[in-house]
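Observations on the three-dimensional arrangement
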Amino acid sequence: MGVPMNRIKWLLPLLYILFVLLPIYWLLNMSFKTTNEILGSFTLWPDQFTLQNYRTIFTDPTWYVGYLNTLAYVLANTAISLAVALPAAYAFSRYRFLGDKHLFFWLLSNRMAPPAVFALPFFQLYSAIGLFDTHIAVALAHCLFNVPLAVWILEGFMSGVPKELDETAFVDGYSFPRFFFRIFIPTIAAGIGVAAFFCFMFSWVELLLAKTLTAVAAKPIAATMTRTASTSGYELGLLSAAGALTIVPGALVIYFVRNYIAKGFALGRV
Amino acid sequence: MTRSGLELRGVELRVDGQVHIHRTDVALAPQGFNILLGPTLAGKTTLMRLMAGLLKPTAGEVWFHGRNVTAVPVRARGVAMVYQQFINYGHQSVYENIASPLRVARASRAEIKARVGRIAELLQLSPLLDRRPAELSGGQQQRTALARALVKDAGLVLLDEPLANLDYKLREALRDELPRLFADRDCTVVYATTEPGEALLLGGHTATVHEGRVTQFGATSTVYRRPVDLLAARAFSDPPMNSAPVVKRGGNFELGGVTAWPAQRALAGLADGPYTVGLRPHRVQPLAGGATGAVTVEGRVAIAEISGSESVVHFDLHGSTWVSQSHGVHAFDVGTMAAFSLDVSRALYFAPDGRCVGSAED
């Protein structure tokens, strides 16, 4: 009785992990094949292993510039979101003011609106003021979703810090800015890491606004992928390699903040 | 010339129309301990925040060393504060924690090193200077907070129940050290506590606080011996002081119409009428096997607790609950009648409005 039970114990998670990882494996598998092999036969691993797809992406500007564009607006957005959310979250966590609870909820409700709703107004607005097809346009548009999220996450972490810490610093002679940057930010570094991670991820995977607000100069990698697919036939191998590469930054960031995210879950803010 | 310490002049605090601190006039002793004694939520911490300047009074002024500091922001006041929670800067080492007030005050590197070293030695933190606060025990964390408060030689040191979150052993050890730490320091120390025993051990002056009101301020022994009213007397007694209605008739106090004792000395001059007698629990002693005391009463045992070498018995007498606290282990069966001796030579008497009108020791 004991032996089959033990087998099932590791069998079930194993099956689940295989099921989850299968598409990712298939993506990697395809990315090391030629387009002909992908279309011509069904193989579980590459028959003619090739790095040509990756080579193309790293050498052809139409490809790698897409990554640079995406990175540019994602990083800009993360920086702006945090810069705006840190003081806001501090205010929500430390002060009582008229309508604070309503404002906090309203901020969060911004996240409930689908991005498509905002695509047209943003397009019109940015075209009118000459921001269309710039990195900052996408970065600002993504703030609409990321600032409320960052405020929400940071407020949770900040409220976990007793306000006596602030008072102790003031009693010790710290000015507010000095306290905020020297004491408070290091104290909630974990929360800032988690908030940065979520801003990064949402901005990285958001496609609709990024595509609507850019044409050539700030075209994100996802747009490059879809447009290439429709004009120069189905370059499936190349697309797979591009897809595999888009996973990398997220995986890296997750690796670095994995411990903090657990803390965020414990606070109920992630 | 004796320097004045911290003074609250007509200080009052209202938040959203609710009175948190009633009009308070108090001039703290410039040297030694000033104890704020009162139950949780009595307003001790709020009073301290007002003293530190973390809160602005709605009305009144805060004076320090003969100067009105009401409008001076907290960082310019030269105060230090230690909280009940262990508050330290978690991302800094113990050394950096202690050095931080000096760094903010732009002290020289050599001076910081010397002063941190001295204070760390005093608080037995020297071997731990490289650690982070999270790697220390509760007692060591609180020592770090104390060191940070002491290192800058503030004129006013506020200690808000600094020992409350420590376990019993550590609390006793640190409490014994406290008077020594402040012995040769030129500063006003304010120490909030809920425990009357702590106030008596630390000596100095005591202010009893009750529901946002300072009910009495004076030398600790005076406040203990001669409380001005029932509230101050209750604050300064643990377990709570026994109080019961008595009637003075002729030359006697009558308790419940059956027990009576003579009103002696100054008490004889009190007008006849109703009073409240106050008797601390250790002045009520159990009587064994038919013995009688000066004033003997019989009550029905409600609760009997034995803790260590001490027995605490709650009993009902003429409709009020009395508490007796005695040394040694005395076993009582709940529900039975037992005899107790009241040491009325140490009793306090209060008028119906709560004012203390006399003590048997007068």
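Residues numbered from 1 in each chain as written. Chains lettered and ligands numbered in written order. Predicted model: local features only at pLDDT ≥ 70, side-chain atom pairs only at ≥ 80, totals over all residues.

A count of helices and strands for chain A gives 13 helices and 0 strands. Along the first, second and third principal axes, the C-alpha set of chain A runs to 70 × 70 × 30 Å. Burial status across chain A gives 33% buried among its 270 residues. Of the contacts formed within chain A by residues at least 6 apart in sequence, a portion of 80% connects residues at least 24 apart. (Helix = DSSP H or I, 4+ residues; strand = E, 2+ residues; numbered from the N terminus. Buried ≥ 20, exposed ≤ 12 C-beta atoms within 10 Å, placed from the backbone. Contact = placed C-beta atoms within 7 Å.)

Take the overall build of chain B next. Counting its regular elements, chain B contains 8 helices and 21 strands. Considered along the principal axes of its C-alpha atoms, chain B spans approximately 75 × 45 × 40 Å. When each of the 362 residues of chain B is scored for burial, the buried share is 41%. Considering only contacts in chain B between residues 6 or more positions apart, those separated by 24 or more positions represent 66%.

To continue, consider the interface of chain A and chain B. On the side of chain B, 18 residues touch chain A, which itself brings 14 residues to the contact. Elements with a contribution of two residues or more to the side of chain A that touches chain B: α8 (163-172) and α9 (176-187) of chain A. Sort the elements by how many residues they give to the side of chain A that touches chain B and α8 of chain A lands first, with 7 residues. Across the side of chain A that touches chain B, the residue classes break down as 7 nonpolar, 4 polar and 3 charged. (Nonpolar A, V, L, I, M, F, W, Y, C, P; charged D, E, K, R; others polar.)

What follows deals with the sheet that holds strand β20 (residues 348-350) of chain B. Residues and elements named next belong to chain B. Pairing within the open sheet is antiparallel, and its 6 strands lie in the order β13-β12-β11-β14-β20-β21. Here the strands that pair on one side only, and so sit at the sheet edges, are β13 (259-262) and β21 (356-359). If you compare each strand with its neighbour and ignore which way they point, the axes differ by 35 degrees on average. (Pairing = 2+ DSSP bridges. Axes fitted to C-alpha atoms, helices over the stretch in contact; angles between N-to-C directions.)

Before going further, it helps to spend a moment on the pairing of strand β6 (residues 79-82) of chain B. Residues and elements named next belong to chain B. Every second residue of β6 is oriented toward a common face, with Val79 and Met81 on one face and Ala80 and Val82 on the other, all of them buried. In this structure, β6 lies alongside strand β7 (residues 156-160), joined through 4 bridges in parallel fashion. For Ala80, the partnering residue across the bridge sits in β7 and is Val157.

Core analysis: the biggest nonpolar cluster contains 148 residues, and Leu154 and Ala195 of chain A together with Met51 and Leu158 of chain B have the highest contact counts within it. At 15 residues, helix α7 (residues 135-159) of chain A tops the list of elements feeding residues into this core. Two domains share this core, each providing at least three of its residues, namely domain 1 (6-235) and domain 2 (242-359) of chain B. (Core = buried A, V, L, I, M, F, W, Y, C linked by C-beta atoms within 7 Å. Domains from an automatic or database assignment.)

What follows deals with the pairing of strand β8 (residues 188-193) of chain B. Residue and element names in this part refer to chain B. Counting buried positions over the 6 residues of β8 gives 6, a clear majority of the element. Burial along β8 is two-sided: the face carrying Thr188, Val190 and Ala192 and the face carrying Val189, Tyr191 and Thr193 are both buried. Examined bridge by bridge, strand β3 (residues 32-37) and β8 share 6 bridges and lie parallel to one another. Paired with Leu36 across the two strands is Ala192, which belongs to β8. Pairing of β7 with β8, which is carried by 5 bridges, proceeds in the parallel orientation.

On to unusual backbone geometry. Residues and elements named next belong to chain B. The phi torsion at Asp153 lies on the positive side, around 55 degrees, for a residue other than glycine. With respect to the helices, strands and loops of the structure, Asp153 is situated in the loop between α4 (138-151) and β7. A positive phi angle, near 45 degrees, is found at Glu161, a position not held by glycine.

Moving on: the environment of Ser203 of chain A. Residue and element names in this part refer to chain A. With respect to the element layout, Ser203 can be found in helix α10 (residues 189-205). Using a count of 26 C-beta atoms within 10 Å as the deciding quantity, one classes Ser203 as buried. In this structure Ser203 touches Tyr73, Val74, Asn77, Thr78, His142 and Asn146, once residues within four positions along its chain are discounted.

Another aspect to go through is the domain arrangement of chain B. Residues and elements named next belong to chain B. When its domains are assigned, chain B resolves into domain 1 (6-235) and domain 2 (242-359). Computed over C-alpha atoms, the centres of domain 1 and domain 2 are 37 Å apart. Each partner contributes residues to the interface: domain 1 has 7 residues there, and domain 2 has 9 residues. Of the residues in the side of domain 1 that touches domain 2, the class split is 5 nonpolar, no polar and 2 charged.

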